[in-house]
Amino acid sequence: MIIKTHKSIPSSEITEQSVFNQRRQIIKAMLAMGLTGSGAYSRIVDANDTKWQGISKGYQPKAPLTATPSDIVKNHTNYYEFSFNKSDSTSLAQVLPTDPWSVEITGEVEKPGVYHLEDLLSQQSLQEYIYRFRCVEAWSMVVPWVGFSLANLLKTVKPLSSARFVKFTTLFDPSHMPNQKDNNMLQWPYVEGLRIDEAMHPLTILATGMYGEALPKQNGAPLRLVVPWKYGFKSIKAIVKIELVKNPPLSSWSKSGPGEYGFYANVNPEVPHPRWSQSSERVLGAGFFTPRRKTELFNGYAEEVASLYSDMDLRHFF
Ligand code: MTE
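Residues numbered from 1 in each chain as written. Predicted model: local features only at pLDDT ≥ 70, side-chain atom pairs only at ≥ 80, totals over all residues. Heavy atoms only, no water.

1. Concerning the site of the ligand
Thinking step 1. Close to the ligand lie 18 residues, the nearest being Y80, E81, T170, R224 and K237.
Thinking step 2. Note that a nitrogen atom of the ligand is positioned 2.8 Å from one of the side-chain N or O atoms of E81.
Thinking step 3. Note that a nitrogen atom of the ligand is positioned 2.9 Å from one of the side-chain N or O atoms of T170.
Thinking step 4. When the ligand sits alone it has 530 Å² of accessible area, and the protein chains cover 100% of it. (Near = heavy atom within 4 Å. Polar contact = N/O pair within 3.5 Å; in protein donor to acceptor, adjacent residues only side chain to side chain. Areas by Shrake-Rupley, 256 points an atom, 1.4 Å probe, with all protein chains shown as cover.)

2. Here we look at the sheet that holds strand β8 (residues 165-170)
Thinking step 1. Taken together, the five strands give an open sheet; going across it, the order is β5-β4-β13-β8-β9, and neighbouring strands pair in mixed fashion. Bordering the open sheet on either side are β5 (113-116) and β9 (191-195), each of which pairs with just one other strand. Put simply, the sheet's adjacent strands are angled 20° from each other on average, direction ignored.
Thinking step 2. Examined bridge by bridge, β8 and β9 share five bridges and lie antiparallel to one another. The residue of β9 that forms the bridge with F168 is E192.
Thinking step 3. In this fold helix α5 (residues 150-157) packs onto β4 (102-107), β5, β8, β9 and β13 (239-245), with an angle of close to 65° to the strand it touches most, β13. (Pairing = 2+ DSSP bridges. Helix = DSSP H or I, 4+ residues; strand = E, 2+ residues; numbered from the N terminus. Axes fitted to C-alpha atoms, helices over the stretch in contact; angles between N-to-C directions. Contact = heavy atoms within 4.5 Å.)

3. A few points about α5
Because an α-helix completes one turn every 3.6 residues, residues spaced three or four positions apart along the sequence face the same direction.
Thinking step 1. Every buried residue of α5 is accounted for by L150, A151, L153, L154 and V157. The buried side chains of α5 occupy one side of the element, clustering within an arc of 160° when seen end-on.
Thinking step 2. Positive backbone phi, approximately 55°, marks K158, located one or two places after α5. (Buried < 20%, exposed > 50% of the residue type's maximum accessible area, 1.4 Å probe, protein only. Arc of directions from axis to C-beta.)

4. Topic: the pattern of salt bridges
Thinking step 1. For the structure shown, the criterion picks out twelve salt bridges.
Thinking step 2. A salt bridge links K57 to E128, with the nearest nitrogen and oxygen atoms 2.9 Å apart. Taken together, the residues span a long stretch of sequence, with K57 in strand β2 (residues 57-59) and E128 in strand β6 (residues 127-134) at a distance of 71 residues. Here the two residues K57 and E128 agree in accessibility, since each one is buried. (Salt bridge = Lys/Arg side-chain N within 4 Å of Asp/Glu carboxyl O.)

5. Thoughts on the pairing of β5
Thinking step 1. Of the pairings in the sheet, the one linking β4 to β5 comprises four bridges and is antiparallel in character. Among the inter-strand pairings, S102 is bridged to a residue of β5, identified as H116.
Thinking step 2. In this antiparallel pair of consecutive strands, β4 and β5, the connection spans five residues.

6. Observations concerning the confidence of the model for the chain
Thinking step 1. For the chain, the mean per-residue pLDDT works out to 87, and 83% of the residues sit at or above 70.
Thinking step 2. The least confident element of the chain, judged by mean pLDDT, is strand β1 (residues 44-45) at 43; the most confident is β8 at 99.
Thinking step 3. Contacts of residues 3-23 to residues separated by more than four positions or lying in other chains number 51 contacts, the stretch itself having pLDDT below 50.
Thinking step 4. The low-confidence segment residues 36-54, where pLDDT is below 50, has 34 contacts with residues more than four positions distant or belonging to other chains. (pLDDT = per-residue confidence, 0-100.)

Pasting the structure below:
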């Protein structure tokens, strides 16, 4: 995310990542699925390849996708609670306690409560979702997430008919997240939101892992949102609260730069950011001389999601 002020974000250096701690319940679930090694993901992930058939797929890409090398995804992160430098969160985030973890689900639901993550996960079947991921800063990658449908989780708490939006909140913990006490560029805690039909869409997931491993802390452990047709800033990390609400929640970025970061944030090559084009993207991990990729409407997921916005002016509702 490029910040609206004149302060620039230093460019990243890719560094070696130290081994991160994997949490036992998630690992147990992954062991049950046979998802324990990351080596397999360094090859081309071909949805039609028989070697993948043992793994339950939450989404089958129409064409084979090449997963971005995992060391890049783990070492090029946007996690502003820790740092504005993309390589620093890898080490800084390791101090964050993520086990045990609870999530409050509240608001317009029949069964509000504070739920242990382990209990929530025991009701879900983890699947693999190989998605394109496009940042508003105009870089992209392909990530094999491990997670479950947000809709399946929401159904367990029975949303009321008055629930029209879903608000997500990241942990507020300034003792471990240094920017939450030192930096006011964003208002903390980080907040994001979706319309209820977006939240219930089968492509929208909560991720607990990637590359067959538990989610690294710098990538949002233990629980993050992934909405593949939207810019990456919608994919909020370290979620502690999910609130079903009547009105559109004001997200952290919309509050910080209302003219720059809209509520919808659908990937759209035709709608430039006020300060740069969104027509193409730098593919992380591609060689220096590899041309930029042409950005696709809804990040290539138009067939699945365009109907959600059929009556909307996407320039106005950016
Ligand atoms: N969630 C929180 N809590 N804090 C953040 O700074 N950054 C967002 C999003 N979720 C962010 C966040 C942005 S700008 C992007 S592009 C993605 O996370 C990056 O995800 P990654 O670091 O796993 O690539």
